Amino acid sequence: MSLRLVLGRGASVGRKLVGRLGGLVGHTGILHAPLRDRFGYNRPLYSSLRRSIVPVRAASTSSRSKQLYKCTECGETTLQWSGQCMSCKKWSTLEKVQVAQQQEGGGGGARAAARFEQQEGGVRRDRDAPRKIRDVSNSIHSSKKWRLRLPGANGEEFGRVLGGGIMPGSLILVGGEPGVGKSTLLLQVAEMMSCSGKDGDTGPVLYVSGEESVEQIGSRAARMGMDSSESVYLYSSTRLNVILDAVLKLNPSALIVDSIQTVYLDDLPSSAGSVVQVRECASALLQVAKKSGIPVFLVGHVTKSGDIAGPRVLEHIVDVVVYMEGGRQQAVRLVRCVKNRYGPTDEVGVFSMEDEGMVAVSNPSAFFLTSKDAPSVCSAVTVIMEGTRPLMMEVQALCSRTQSGTNAPPLRVPSGVKKERLWLILAVLSKHTRIRPFGVDVHVNVTGGLNVSEPSADLAIACAIGSSYYEKPLSSDTAVVGEIGLGGELRPVIQVERRIMEAQKLGFRRIVVPKSSDRNKLTSRDDVHIDIIPCDTVESVFDIVLGPRRRKKSDFNTTDDNDNGDV
């Protein structure tokens with residue numbers, strides 16, 4: 001088809017031609033290409049197309065705003081509305097918004113931090129400029145109070161979790177189940193920090209709550225004996241811009257926000273607690289902490305699965321993530337660090353919930369152990385490592401006869417132990433020992449409400465099951481440590497020396513350890529007065545701690561008629 005016929009078909013065909021040309025019409029050489037008309041005269045191509053083709057213009061960049069559809073849950077924007085957000089997969093969350101094309105980058109959190117910095121006195125160019133590692137290291141070593149040490153036994157226990165103290169300018173996230181004591185602990189931290197301050201002197205601490213009024217927080221402080229404090233300031237607000245204004249006026253030595261899911265930025269259209277609000281508010285507080293050097297504590301809600309509510313990026317933004325563990329019916333609270341940019345991530349602090357608040361437990365091992373006056377059937381004592389701290393704990397097991405006349409499988413009920421670990425230990429015992437757990441229900445419990453995930457507790461679980469199965473108690477002055485392999489062998493554990501010394505400190509006279517463990521350092525020491533018994537298999541451990549054993553056939557159902565249980 002000739003170009004002359006295309007030009008004569010009107011404007012619609014001309015627009016299609018422009019689209020096929022792919023924008024080449026905009027080039028000068030094409031616009032002025034000669035074209036002979038029906039009268040034989042040369043005419044430019046543009047003069048032939050101008051009446052039938054509507055010129056295509058680029059989108060103007062000078063427009064003030066444009067229309068987008070924004071998800072109220074995750075903040076994702078799109079040009080076209082749809083029923084489901086393609087990012088977070090939520091339904092009916094896209095709303096029409098007018099967004100200015102020319103605005104500052106970085107999101108609402110960055111803009112809030114920039115306003116805070118401008119009100120504080122501008123950009124600190126000497127601090128923001130690139131610096132040598134040598135200069136930074138020298139400034140750190142020259143400062144004797146780089147880490148803020150908290151006073152008292154509670155401050156020492158909480159500082160242990162954080163790696164020795166609180167780093168200036170750090171952003172710390174504290175999570176835990178409702179009622180576990182997050183607000184109580186941070187109110188005590190505010191009192192302790194008000195006595196130390198940035199430079200070791202008394203400094204104010206701002207405690208901001210978006211969930212409680214000032215009077216409610218004050219009543220809790222009075223119950224804890226903190227009603228006479230003059231350096232802890234209470235404030236109830238949910239607007240982050242208002243909170244930052246209060247920080248500018250007070251210039252505190254620390255800031256506590258309870259909780260991050262209740263604060264919001266006015267620049268964002270989504271509600272408080274949404275993904276975009278939590279992310280941007282945390283980003284703003286992070287930049288404020290780094291610029292001003294103020295340590296910021298955030299309280300985070302948790303979901304029913306135990307994870308921090310909100311986006312996973314929240315745990316990536318903060319410097320330290322601390323979880324509080326412990327049920328409402330238990331007096332003990334474990335403060336566990338799972339992320340720490342300034343120290344170890346496996347430290348644990350042990351507190352007891354009292355009327356005056358959280359009280360540090362001076363001897364956690366004795367706290368979790370029952371009386372050793374009389375041996376108990378179905379229990380065994382072991383030593384686990386929580387970070388750098390050895391902790392003694394007691395494992396109890398109960399083997400009961402399976403209800404006859406039913407085809408239901410036997411029960412396996414662990415409490416404080418992972419069920420997969422219990423299944424593995426029972427499989428090893430049925431294969432490499434005389435225990436036949438097929439006709440019994442097995443219940444395992446860790447006293448004190450602890451959750452044990454370290455493999456070194458395998459031998460204690462096996463000995464507790466064997467004690468209940470054969471109805472023979474372990475000696476009250478015996479502890480066992482070891483990981484059980486699939487072949488029934490005992491595998492070595494780390495830091496066995498510290499475990500042995502912890503057992504000796506609490507009055508245990510002998511301890512069973514894997515034969516392959518490195519215990520040579522203790523044999524030559526004069527202060528070691530505990531009997532160290534090396535073993536290589538689970539069966540050999542049973543011979544030592546249980547002795548001759550017989551299982552009564554009338555007690556349990558079994559499918560193995562040739563096994564009388566005698567050893």
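Because the structure is a prediction, the values reported are computed rather than measured. (Residues numbered from 1 in each chain as written. Predicted model: local features only at pLDDT ≥ 70, side-chain atom pairs only at ≥ 80, totals over all residues. Heavy atoms only, no water.)

Regarding the packing of helix H8 (residues 152-161) against helix H9 (residues 182-194)
The angle between the axes and the distance between the axes are what describe a pair of packed helices.
Part 1: At a closest axis distance of 11 Å, the pairing of H8 and H9 adopts a crossing angle of 110 degrees. Accordingly, the angle class assigned to the pair H8 and H9 is roughly perpendicular. H9 is crossed by H8, and the crossing has left-handed handedness. Here H8 contributes Asn154, Gly155 and Phe158 to the contact with H9, which in turn contributes Leu185, Gln188, Val189 and Met192.
Part 2: By residue class, the composition of the contact of H8 with H9 is four nonpolar, three polar and no charged. (Axes fitted to C-alpha atoms, helices over the stretch in contact; angles between N-to-C directions. Helix = DSSP H or I, 4+ residues; strand = E, 2+ residues; numbered from the N terminus. Parallel < 35°, antiparallel > 145°, perpendicular 65-115°, else oblique. Left-handed = near helix turned anticlockwise from the far one by under 90°. Contact = heavy atoms within 4.5 Å. Nonpolar A, V, L, I, M, F, W, Y, C, P; charged D, E, K, R; others polar.)

Examining the sheet that holds strand S14 (residues 357-360)
Part 1: Taken in spatial order, the nine strands make up an open sheet running S8-S7-S9-S10-S6-S11-S12-S13-S14, and their pairing is mixed. In the strand order of this sheet, the two ends are held by strand S8 (232-236) and S14, each with one partner. Along the sheet, successive strands turn relative to each other by an average axial angle of 25 degrees, direction set aside.
Part 2: Strand direction decides the pairing type here: strand S7 (residues 205-209) and strand S9 (residues 254-258), joined by five bridges, are parallel. By the bridge assignment, Val208 is partnered in S9 with Val257. (Pairing = 2+ DSSP bridges.)

What about the nonpolar core?
Part 1: Ranked by internal contacts, the top residues of the largest apolar core, which has 48 residues, are Val444, Cys463 and Ile465.
Part 2: At nine residues, helix H16 (residues 458-470) tops the list of elements feeding residues into this core.
Part 3: Apart from residues no more than four positions distant in its own chain, Cys463 is found in contact with Ala380, Leu474, Val480, Val541, Phe542 and Val545. (Core = buried A, V, L, I, M, F, W, Y, C linked by side-chain atoms within 4.5 Å. Buried < 20%, exposed > 50% of the residue type's maximum accessible area, 1.4 Å probe, protein only.)

Some thoughts on unusual backbone geometry
Part 1: Here the bond from Asp258 into Ser259 is cis, since omega is 10 degrees, no more than 30 degrees from zero.
Part 2: In this fold, Ser259 is placed in the loop between S9 and helix H12 (275-292).
Part 3: Its identity is not glycine, yet Lys89 carries a phi of approximately 65 degrees, on the positive side.
Part 4: Mapping Lys89 onto the fold places it in the loop between strand S4 (77-78) and strand S5 (94-100).

Looking at helix H17 (residues 496-505)
Part 1: Burial runs high along H17: seven of the 10 residues are buried.
Part 2: Those residues of H17 lying buried are Val496, Glu497, Arg499, Ile500, Glu502, Ala503 and Gln504.
Part 3: In the stretch just after H17, Gly507 is the one whose phi turns positive, near 95 degrees.

Quick look at the packing of helix H15 (residues 419-432) against H16
Part 1: Two elements in contact, H15 and H16, have axes whose closest approach is 10 Å; the angle formed by their N-to-C orientations is 60 degrees. Put simply, H15 runs oblique to H16. Seen from above, H15 lies across H16 with right-handed handedness. Together, Arg421, Leu422, Ile425, Leu426 and Leu429 of H15 and Asp458, Ile461, Ala462 and Ile465 of H16 make up the contact between the two elements.
Part 2: Tallied by class, the residues present in the contact of H15 with H16 amount to seven nonpolar, no polar and two charged.

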